[in-house]
Structures are given as C-alpha cells and as structure tokens.
Amino acid sequence: MELLVAIAIMALGAIVLGAALGYASVKFRVEGDPLIDKIDSVLPQTQCGQCGYPGCHPYAEAIAKGDAEINLCPPGGMEGVQKLADLLGREVKPLEAEEKPPQVAIIDENTCIGCTLCIQACPVDAIVGAAKQMHTIVAPLCTGCELCIPPCPVECITMEPIGESLDNWKWKYPVVAILPAEKKAA
Amino acid sequence: MFDLFKFKGGVKPPTNKAQSTTLPIAAAPLPARLAVPLHQSIGGTPRPVVKAGDTVLKGQLIGQADGWISAAVHAPTSGTVRAVAMRVQPHPSGLDALSVVIEPDGQDRWIERQPVDYGKLAPEDVRELLQAAGVVGLGGAVFPTHGKLTAAKSVPMEELVINGAECEPFITCDDLLMRERADEVVRGIGIFRDLLQPQRVLIGVEDNKPEAIAALEAAVRARGESFSVVAVPTRYPAGGAKQLIRVLTGKEVPAARRSTDLGVQCFNVATAYTAWRAIAHGEPVVSRLVTLTGNVRQPRNYEALIGTPMGELLAVAQPNPDTDGIIMGGPMMGFLVPDRDAPVVKATNCLIAHSDRLFPPAPPEMPCIRCGECARACPHELQPFELYWFARARNFGKTQEYAIFDCIECGCCSYVCPSRIPLVQYFRFAKSEIWAREREKNAADGAKARFEFKQQRDEREKAEKAEKLAKAAAAQAAKKAAEAAAAAAGEAKTDPAPAALDPETAKRATIEAAMARAKAQREAAAPRNTDNLSAEQQAEVAAIEARRTQAAVPPQSHPNGPTE
C-alpha cells in the first residue's frame, strides 16, 4: 500500500510539474533565436555581403546555426572576431580577408550618367539621385560596402578612406617611450 | 562673513601668477594675417557668409550660427578675406578645420556699432543678440552663453555664481580683467542677473587676487548692486564650475546632472565682460585677453585679436631662445600646440612658452603602487587608480562604471602620482574611445534600420509589381477571351468562352483564340506569287484551285489545311 501511495505521489508530482513546464513552454515561448540578435549587434551592419551571406542578419543566423565561421567579416576586423569569439565561446581565428580602413564611396559627379543602378545596389539607401539626374552619396550614411561599384556602367564610383578630422580624432593610447640608455662608457 | 564650504581633494601647485601681473593689459599688435576658425564654440559649426576677395570690417559677421547651440563668428579687424579654407587648429591633434583667412588693412575700422538698452528688450531678444555677437563661455568650455540664460521653469533660480577664481597656475587674464575693467564686468553680471532673476549673486575670486577683489567690491558698491564678492581659498581646481558652486553654495552637482537642476548657474567673469560689450557697445567678441608667460622675458596680458597666430603673438613677450613650444591654457590642463601658426581662439586664455628648464620632461612612468594619493587629490571623489587599470586594459565598460565621465581632466591625480603615471592621458584615451564606439554603434544601428527598411520596401515593390502584372494579364486575357469567343461564335457557333477568372483558363483561352485567329488567317490567305503569271501558269493554278475546292467540300477531317 505504502508503495502504491509513494508511486502515486511521484506520479502526481510528475504530472503537475510536467503540466507547469508544458504551459510555460507555450506561454513564455521565445520567438526566434535571441542569440542571432546578439551576434547581429556585434556585426558592423555594413550589409556588404563580403562574408558570402546577403547581409549582416543572414550571416548572424548562419553563425548561430554553426554553419559559418566567425572570421568572415572584413569590416568588423579582428576586433569583431574577438567580440564574436567572446560571445560564442569559440576560438579566435585570423580574419579570412584583408582588413581595410573605414572608407566612403565617392561618385564622380561629372561622369555620372544617372542610370540609378548604384541606387538600387546600395543596401542602406545612402545614394540620392533620379533617372538621368546626377547621383551623389550621402557620406555620413555610407557604410563603405563597395556594392555600388560593380553595377556602375561608367566606373564613376571610387572608394576613399575616411581621413582623420577634428570630429573623429581620438586620443592615443599613452605610450611610454623606451629610450636607449645613456652611453655612460663614452 | 560669508560661510564657505569645501570641496574634497585638490592640490596646491606653485601659482606662478606674479610674473604676468606687474604690467597692465596691453593691446597686441595687428598680425600680418588672421585665420579665424569657424567652429569656436560647442555646438553647430557656423556657416561661412564671406568668400575670398570680400572686404570685411571689424566686427562684421563671417560665420552665421548654425542652430540654437552655436554662436556667430566675426571678423576681428577690417581687411580682405584671402581664403575660406582649411587651416591648422589650436588642438592637440594639429588637424585642420574650416577658417576664414583675413589680411588686415591696418585701419581696424569697425562696423556701425549699435548699442542697445537691454532693459527695453524682451529676454529672448537679448539672448538672440548675445548669440549674434558670438558671446561664449570664456572660462574654457566655450559653451554659447545665450543657451545658459534661460531659467529652468521647474526649479527656482537661487544662485548666480560668477567665476573669477582662475585657479590654474600662470594664468592671470581674468585677474587683470577684474582689476582694470571691474565696472564692465559688474554691469555684464547685471545682464545675467536680469535675465535669470536669481535670489542672490555670488562672485567667487581666489584669495590670492586681493586687487581684483577690491576692484570688484568697489565697482559693485559704485553701481549700488547687491552682489557678494567672495574670496575663496586658493586651491586648485577651485575654478572648476562644480567646485566653485560647492564652495560658495554647499550644493553638490550630482553626476550627469546640471547645476541648473539645483537652481544654480555659473558664468566666467570674462563672459560677463564680453556680454556687456556686446549689448551696451554693440561689439561682438573679436578679441580676448591672453596671458603670455612662461619662458619669456616680458610676461604680460595682452588683448589679442581672435585668429592671431600664436607664434606671432608670443613673440611680443620676447620668448627666451631655448623656447621649444607653446602651451595653450595652463600647465595643469593645457596642451602643447603642435603648430606655431595655430590661431588664438575664444578659448585661448593663456600661452605659455615651453622649455625643458621650466617644465622638465616627464620622468618615466613607474608601476602603480596603489598608494591612493590620486583618490585623495581627486576633486570629484573618483578613484583614478581604478580608472587607470581599466583604461589601461581597455576595459571601457568598467571605466564607465567607475564614472569616468565625471572626470574633469583637472590633472590633480597626475600631479600627485608618486609613480608619475600620466593618468589624465589614460582617461582622455578611454573617453575618446568610448565616444568613438558610441558613434560607431549609432552608425551601425542607423545602417541596420535603413537596410531593413530598404528590404521591406523592395519586397513591397515586388509584390505590388507582381500584383499589377497579374491584374494586367488577367485584363488582357479576359479581353482576348471575349474576342476569341466572338470570333468562334461567328465561325462555329460554339459556346462563348466563360469569363476567364483564374490566369490558367485565361491563358488557355488566349492560346485558343490565337490558334483560331491563325487558322482563320490561313484560310483567308491568298496564295502567293500569283502576280505576273504566264497563261500556262494561270491555267495550272486554276486547275489546282478547282481540285482544292472539290476536296474542300467534303467535311474537313484534316485540321491542317493545304498550305501551298
């Protein structure tokens, strides 16, 4: 009898807890994978596709699924790889491609024929212009992804590195100068 | 006597002020060329309103304020604009910024100055006048003054604090200003008082400037004002706004809050002076007092035009031959100007001729021994040694937890550090990295939002296009089907095709209609090559035609009619 009571109590407990868990899994269900958003927030959002995925979010999805390596994002640089490695507990790997300084696209407005192809190619709507009208880049919005270069039929778009100005100048890491010891023998 | 409070920490470096106070203020000679930077205050960069070749008069507007937090810039003397171009800035980076280069004509002709009686103007108009005159905080932060002259509605304005402490070593320009132009300073304070309506006005001056205190007291008495001139103990950085407020009112401004939240507003004495000149004399800010001192033979205060090259100005004080650089600001918070051509700006209160004799090169940095001297000296009660560890390790999140943005970079911690660690440099590095990251993060968020919007828009456009095409195709198909039905009815009395609803039947109907049309065309087609025939050929054709009609009479079992 005692045996049966014990089994009944355990079974009841299992049913109650199971029901609670089942309810919680429906009620507090997390839509989507929160890890994807975390990875996405580390990526630089240039939407350049240099990783082989059509944008930063698809790449984040691929990383979260384990399909992609964490070292495929050149605009993120080694710092980005480091951050992803910290986030995911993976090993830091050298970057697949060359790291480039931040750059901005410039349209040679004299050569532009107003074909709108670059406007369609720009993933972040940083180019303004209309058909048969000159186009121009809204420099502060440009992510430097280079996606506008291949479609241009007259090759009037060039990439220029963003120089240092008073607005983006940074104090440098204080470096202690190591001076050679004074020649005492002389 | 007035009850004073104390701020924590602080240091007492040798003041080195006596050298430059022996002589009265003198006017600096007109330089050969002036480069006036457009961005001389916090906020928006003024837009240039002159171009190369224009002639300008002294006080003429050359840069229009861009937005409310921005202040206008004026020509410091009469002459010709030679260029509106990038010129080197008085900034530790030595980078260029847009400046108006003026070649003086030597006549120093003013624009038509229009003094106003501000008592008759609405407060908004006075603020606008101050903005148009380019009046900014001359204590060093160059915040546009008009932006600080609106009393908060929620908090009663209790104290107006006027900062004449001038705590940093070597600098004496405010001291001389108070000694020689106390009356105008007091009248400027009167403008601020009338706009803000505080309960009391406190003028804080360090007690190492008895002449200035006496002059101010005399001026206050002469004007019949109720301002209290308070001598505060000499202790660096008593002239920091938050420190002076603490000493005079006992109020401690919390982190990330403004003094106005506590009913206190603070202005520098030189700001009050320029505000008075702007309102009562119609003179915009085109010059300021600059202390020339350090390794020079003739230390003195000069009234220098904005835009004067620093090297040229310092030459007036006859620097000693071993001078190897110029420090803008004081020895605690100033920086070595990377280029002698950098111009004097509204923030330039002092130029110190640098030499290794006066400022021996910093000895090598030693490891932090956690003695805690820096924490004792910090006037903001921060823990510089902790901030140092985190900044050094680039652990910027932690530096923010330890309130790095409350650091005013006064340099007390570096001054007392027995290991001679350049602490402030680490903090500046950490701050600018944090700002850069913030900028990058904002840019990335913006790019992401625009990318998502574009994707959404592309999809919507695609859907709209597909819908439009489907609609057009359906309409076309329906039309064709109707035509085909009509044609078929005309020929073979078949049932009219049902109105095509789905694209599949519409397509089939279209194809059938096309086939029917083709058939009809074929049947109606006249044989080719029937012109210019010989009689024989004609006869042959007639024979064939006869046979064909004969063959065509029986029911058409063959779908393919004769082709030739």
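Residues numbered from 1 in each chain as written. Chains lettered and ligands numbered in written order. Predicted model: local features only at pLDDT ≥ 70, side-chain atom pairs only at ≥ 80, totals over all residues. Heavy atoms only, no water.

*Asks:* Just to check I follow, could you spell out the sheet that holds strand 13 (residues 287-294) of chain B for this structure?
*Replies:* Whenever strands of a sheet pair, they do so through backbone hydrogen bonds, lying parallel or antiparallel. All names here are of chain B. Spatially, six strands are ordered 1-14-13-17-15-16 in an open sheet, and the strand pairing comes out mixed. Here the strands that pair on one side only, and so sit at the sheet edges, are strand 1 (26-27) and strand 16 (335-337). Packing of helix 2 (residues 173-180) onto the sheet brings it into contact with strand 13 and strand 14 (300-305), and relative to strand 13 it is tilted by some 125°. (Pairing = 2+ DSSP bridges. Helix = DSSP H or I, 4+ residues; strand = E, 2+ residues; numbered from the N terminus. Contact = heavy atoms within 4.5 Å. Axes fitted to C-alpha atoms, helices over the stretch in contact; angles between N-to-C directions.)

*Asks:* What am I meant to see in the interface of chain A and chain B here?
*Replies:* As a measure of interface size, the accessible area lost when the parts come together is often cited. If you look at the interface, chain A gives 28 residues, while chain B gives 29 residues. Carbon and sulfur atoms make up 60% of the surface buried where chain A meets chain B, a total of about 2500 Å² over both sides. By the criterion of area lost to chain B, the three top residues of chain A are A:L166, A:W171 and A:Y173, representing 30% of everything that side buries. Here chain A and chain B share four salt bridges between them. The partner of A:K170 in a salt bridge is B:E433, with the nearest N and O atoms 3.4 Å apart. Counting across the interface, chain A meets chain B through 12 residue pairs in polar contact (both at pLDDT 80 or more). (Buried area = accessible area lost by both parts, 1.4 Å probe. Salt bridge = Lys/Arg side-chain N within 4 Å of Asp/Glu carboxyl O. Polar contact = N/O pair within 3.5 Å; in protein donor to acceptor, adjacent residues only side chain to side chain.)

*Asks:* Would you take a moment to explain a nonpolar patch on the surface for this structure?
*Replies:* Together, A:M1, A:V5, A:I9 and A:M10 make up an exposed nonpolar region whose accessible area comes to about 480 Å². When you line up the elements, A:I9 lands in helix 1 (residues 2-27). (Patch = residues over 30% accessible without salt bridge, like charges linked within 9 Å, V, L, I, M, F, W, Y side chains within 5 Å. Areas by Shrake-Rupley, 256 points an atom, 1.4 Å probe, with all protein chains shown as cover.)

*Asks:* I'm lost on the domain arrangement of chain A in this one. Help?
*Replies:* All names here are of chain A. Domain parsing of chain A yields domain 1 (34-88) and domain 2 (103-161). Here the C-alpha centre of domain 2 lies 25 Å away from the C-alpha centre of domain 1. At the boundary of domain 1 with domain 2, total buried surface from both sides reaches about 350 Å², with 59% on carbon and sulfur atoms. Taken as a group, T46, Q47 and C48 account for 81% of the area that domain 1 buries against domain 2, more than any other trio of residues on that side. Viewed at the interface, domain 2 and domain 1 are joined by zero salt bridges. Inspection of the domain 1/domain 2 interface yields one residue pair in polar contact (both at pLDDT 80 or more). Considered class by class, the residues forming the side of domain 1 that touches domain 2 number one nonpolar, four polar and no charged. (Domains from an automatic or database assignment. Nonpolar A, V, L, I, M, F, W, Y, C, P; charged D, E, K, R; others polar.)

*Asks:* Just checking my understanding: could you explain the domain arrangement of chain B for this structure?
*Replies:* Residues and elements named next belong to chain B. Split by domain assignment, chain B resolves into domain 1 (18-31 + 117-354) and domain 2 (372-481). A C-alpha centroid distance of 35 Å is found between domain 1 and domain 2. For the domain 1 and domain 2 pair, buried surface summed over both sides reaches about 740 Å², with 57% attributable to carbon and sulfur atoms. By the criterion of area lost to domain 2, the three top residues of domain 1 are Q243, M332 and M333, representing 52% of everything that side buries.

*Asks:* Just to check I follow, could you spell out the nonpolar core for this structure?
*Replies:* Residues and elements named next belong to chain B. The biggest cluster of nonpolar side chains holds 76 residues, and the ones touching the most others in it are I162, I189, I203, L216 and L351. The greatest single-element share of this core, amounting to nine residues, is contributed by helix 6 (residues 269-281). Beyond its immediate sequence surroundings of up to four residues, I203 is in contact with I162, I189, L216, V220, F227, S228, V229 and V230. Among the nonpolar cores identified, the runner-up in size contains 20 residues, and I404, F427, F429 and A430 belong to it. (Core = buried A, V, L, I, M, F, W, Y, C linked by side-chain atoms within 4.5 Å. Buried < 20%, exposed > 50% of the residue type's maximum accessible area, 1.4 Å probe, protein only.)

*Asks:* Would you mind showing me how to read the confidence of the model for chain B here?
*Replies:* Do not read the fine detail of predicted coordinates wherever pLDDT is low. All names here are of chain B. Model confidence for chain B is summarised by a mean pLDDT of 89, while 94% of its residues fall at 70 or above. Confidence over residues 496-500 falls short of pLDDT 50; this stretch has five contacts with residues more than four positions distant or in other chains. In the predicted structure, residues 559-564 sits below a pLDDT of 50 and forms two contacts with residues beyond four places in sequence or in another chain. Overall fold confidence for the complex sits at a pTM of 0.80, while the interface term, ipTM, reaches 0.81. (pLDDT = per-residue confidence, 0-100.)

*Asks:* Just checking my understanding: could you explain the pairing of strand 14 of chain B for this structure?
*Replies:* Taken residue by residue, a regular strand's side chains alternate between the two faces of the sheet. Residues and elements named next belong to chain B. Of all six residues in strand 14, five are buried; the element is thus mostly enclosed. Pairing between strand 1 and strand 14: two bridges, direction parallel. Residue pairing for strand 14: A26 is matched across the bridge by Y302. As paired strands, strand 13 and strand 14 are joined by six bridges and run antiparallel to one another. Considered in strand 14, the bridge of V290 is made with Y302.

*Asks:* For this particular structure, what's the right way to read the sheet that holds strand 8 (residues 96-104) of chain B?
*Replies:* Residues and elements named next belong to chain B. Within the open sheet, the four strands sit side by side as 2-8-7-4. Their pairing is antiparallel. The open sheet is flanked by strand 2 (34-37) and strand 4 (55-56), the only strands paired with a single partner. Looking at chain direction, strand 2 and strand 8 are connected through four bridges and run antiparallel. When the bridges of strand 8 are listed, A35 appears paired with V101.

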